[in-house]
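Structural features, examined
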Amino acid sequence: MYLIGHALKNIVRNKGRYLLIGAVLTISFLAVTVSAMIHFTTAAVIDDYSDRFGASVYFTPDLRKLLALTEPDEDGMYRNPEITTEQYIAFSKSDAVRNTLFQGSRQTYGDGLIGLDQGGEERSLASDAWNSFTESDTHDTQPRRQAPNTTVLGYSDSSLMEDFARGLRELDEGSLFAAPGECMVSRDFADLNGLNLGDSFDLQDVNSTEVGPLHLTVCGIYLDITTPQPDGSDWAVTNRRNEILTSFSTLEEHSIQGLYVTAVYYLKSPDLAPAFESYLRENGLDEVYNVNVDAASYNNIVKPVESLKNISAAFLAVILSVGCLVLILLSMLGVRERKYEIGVLRAMGMPKGKVAFGLICESVCVMALCLCIGFGVGSVIAQPISDAIMEEQANLVEQQPQPDFGDILSSTAGAKETVSALQEVEIVLAPESIVLIAMISLALGLLTNVAGIFYITRYEPMKILWGKSG
């Protein structure tokens, strides 16, 4: 207790020196608090966004390669090499892929079901565009092929159903498909066919006789205000009110034969693009296709936060470096004033450890007060500082030129994930921040009396007093 009381008296006695030290410590603790809170919070946000929103990959044909590597057909048309359903699924198995969004479609005919605008295709039937199956070479009679009156769409994720997000479709009754074999139909299609929740029906793929019937059960009925015939035709298969929505897994488990698939792949990081392209080539992606990584959208989300994290780390390093130098300088200047006091205490027989403990007690008391002030103020101002830096970094990212791929994304790669850039990061006090602040506080506290402790442990009492008298 004597040493603690003596330490408090020394703080008051040397208040001028400790005011300077306190000011440096307070500024340092404030900077440490702000930087640590921003750094660890942004690190967690970056990890979370990297897990949820990877860099999307899509394929586009290279016209020069198409002309050089392929031959025109009998009509003089150059056609892109086919990417099969099996390949789309195989590509998703790469270790570089975080997530894959699949969309599948199958043109079908429902015996006993009527599609809106059904009958408009009769003119094409007569012209042999949708003719019946012809007899085989062995003259075995094959089932007659029906013109499709429905289209089944399968989605691996509900976010792909953009019409619902745009307000063009809305669930009117029931629920979204979840279990295998569940589907949703439009209100117009349901009313036309007398379908209710729980009703089942079978659909036959019109493009393949080897695919068995697809058995579906109505789990939901949706309202639809989309344009029924976007291309102006009058076929049932092109009428959007005849679209039957289900999960991609339902179509995949039924059969991938005759299934038309599009996919968008999301990498764990844009840096994995070369490895993923090598994997694609090994699994049969034709050289005609370029592999494009939408790093711009990924960077639009993550880059401002990464910049905020780096700025906070740099700011912390600068403040600590300057603070340490100033504290060491003040400690060296202060020990000249207290050299005689230390020598007297040592000459009176006080052990080195107790003298050092007294100096450390002084540092701890000053450090505790400064830490409370710096920590309190830093916690309050961390959020405004983060918001200001985030806004500036977001503006810089927006000003950078971004590649324009036009409509190529929607036509070649399916749906593209749209995520708004982060506008604000909610700064919180993470456990890592507390540990870092505590460690830095201890280090800075020891620096305030490092020179005094050096004198105590290195020199004998008479030498210290002789140096003072000299």
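Residues numbered from 1 in each chain as written. Predicted model: local features only at pLDDT ≥ 70, side-chain atom pairs only at ≥ 80, totals over all residues. Heavy atoms only, no water.

Take the pattern of salt bridges next. If the charged atoms of two oppositely charged side chains come close together, the side chains can form a pair. In total, this model carries 13 salt bridges according to the counting rule given. Of the charged contacts in the structure, one is a salt bridge between R241 and D188, with a shortest N-O distance of 3.0 Å. Highlighted residues: R241 in the loop between β7 (214-224) and β8 (243-247) and D188 in helix α7 (residues 187-193), separated in sequence by 53 residues. By relative accessible area, R241 is classed as buried at 13%. One salt-bridge network, in which partners are shared between bridges, spans D163, R169, D188, D224, R240, R241 and E243. (Salt bridge = Lys/Arg side-chain N within 4 Å of Asp/Glu carboxyl O. Helix = DSSP H or I, 4+ residues; strand = E, 2+ residues; numbered from the N terminus. Buried < 20%, exposed > 50% of the residue type's maximum accessible area, 1.4 Å probe, protein only.)

On to helix α9 (residues 273-282). Taken together, the buried positions of α9 are occupied by A273, F276 and L280. The buried side chains of α9 occupy one side of the element, clustering within an arc of 65 degrees when seen end-on. What points out from α9, more than 90 degrees from its buried face, is the exposed set P274 and E282. Where α9 is buried, its residues meet β1 (55-61), α4 (85-91), β2 (97-109), β9 (260-267) and β10 (289-294). Where α9 ends, the next residue or the one after it, G284, has phi of about 100 degrees, a positive value. (Arc of directions from axis to C-beta. Contact = heavy atoms within 4.5 Å.)

Further remarks concern unusual backbone geometry. We note that D117 has phi near 70 degrees; this positive angle belongs to a residue other than glycine. Relative to the elements of secondary structure, D117 occurs in the loop between β2 and α5 (122-126). A relative accessible area of 36% places D117 in the partly exposed class.

Residues V318, V322 and V326 make up a contiguous nonpolar surface patch of roughly 220 Å² in combined accessible area. As for its placement among the helices and strands, V318 is situated in helix α10 (residues 295-347). (Patch = residues over 30% accessible without salt bridge, like charges linked within 9 Å, V, L, I, M, F, W, Y side chains within 5 Å. Areas by Shrake-Rupley, 256 points an atom, 1.4 Å probe, with all protein chains shown as cover.)

Here we take up the confidence of the model for the chain. Per-residue confidence for the chain averages 77 on the pLDDT scale, and 72% of its residues sit at or above 70. Across residues 129-143, where pLDDT falls below 50, the model places 23 contacts with residues more than four positions away in sequence or in other chains. Taken as a whole, residues 400-419 scores under 50 in pLDDT and shows 32 contacts with residues more than four places along the chain or in a different chain. (pLDDT = per-residue confidence, 0-100.)

All chains considered together, the criterion is met by 6 aromatic pairs. Relative to F91, the ring of F59 has its centre 6.0 Å away and its plane inclined at 90 degrees; by these criteria the two rings are edge-to-face. A residue pair is termed long-range when its members are at least 10 positions apart, and F59 in strand β1 and F91 in helix α4 qualify at 32 residues. Taken individually, F59 and F91 each receive the classification buried, so the pair is uniform in this respect. Aromatic ring contacts, followed pair by pair, group F59, F91, Y265 and F276 into a single cluster. (Phe/Tyr/Trp six-rings, centres within 6.5 Å; stacked < 30°, edge-to-face > 60°.)

Attention now goes to the nonpolar core. One broad rule of soluble globular proteins: the nonpolar side chains tend to lie buried together. In this structure, F59, V185, F201 and I244 are the most contacted members of the largest nonpolar core, which totals 37 residues. I21, V32, L330 and M367 belong to the second-largest nonpolar core, a separate cluster that totals 18 residues. (Core = buried A, V, L, I, M, F, W, Y, C linked by side-chain atoms within 4.5 Å.)

Turning to its location among the elements, S186 is positioned in strand β5 (residues 182-186). S186 sits in the buried class, given a relative accessible area of 0%. In contact with S186, not counting residues within four places along its chain, are I221, Y222, D224, R241 and E243.

On to the environment of T250, then. Mapped onto the elements of the fold, T250 is located in helix α8 (residues 248-254). By relative accessible area, which is 6% here, T250 ends up buried. In this structure, T250 is in contact with A179, P180, G181, L214 and L216, ignoring residues within four places of it in sequence. In this structure the side chain of T250 is engaged in a polar contact, spanning 3.2 Å, whose partner is the backbone nitrogen of G181. Of the polar contacts made by the side chain of T250, one reaches the side chain of S247; its length is 2.7 Å. (Polar contact = N/O pair within 3.5 Å; in protein donor to acceptor, adjacent residues only side chain to side chain.)

Let us look at the side chain of N292. With respect to the helices and strands, N292 occurs in strand β10. A polar side-chain atom of N292 sits 2.7 Å from a polar atom in the side chain of T60. Each residue touching N292, except ones within four places of it in the same chain, is listed here: S56, V57, Y58, F59 and T60.

Here G374 shows up in helix α11 (residues 352-399). Considered as a pair, G374 and A23 are 351 residues apart in the sequence and their alpha carbons are 9.8 Å apart.

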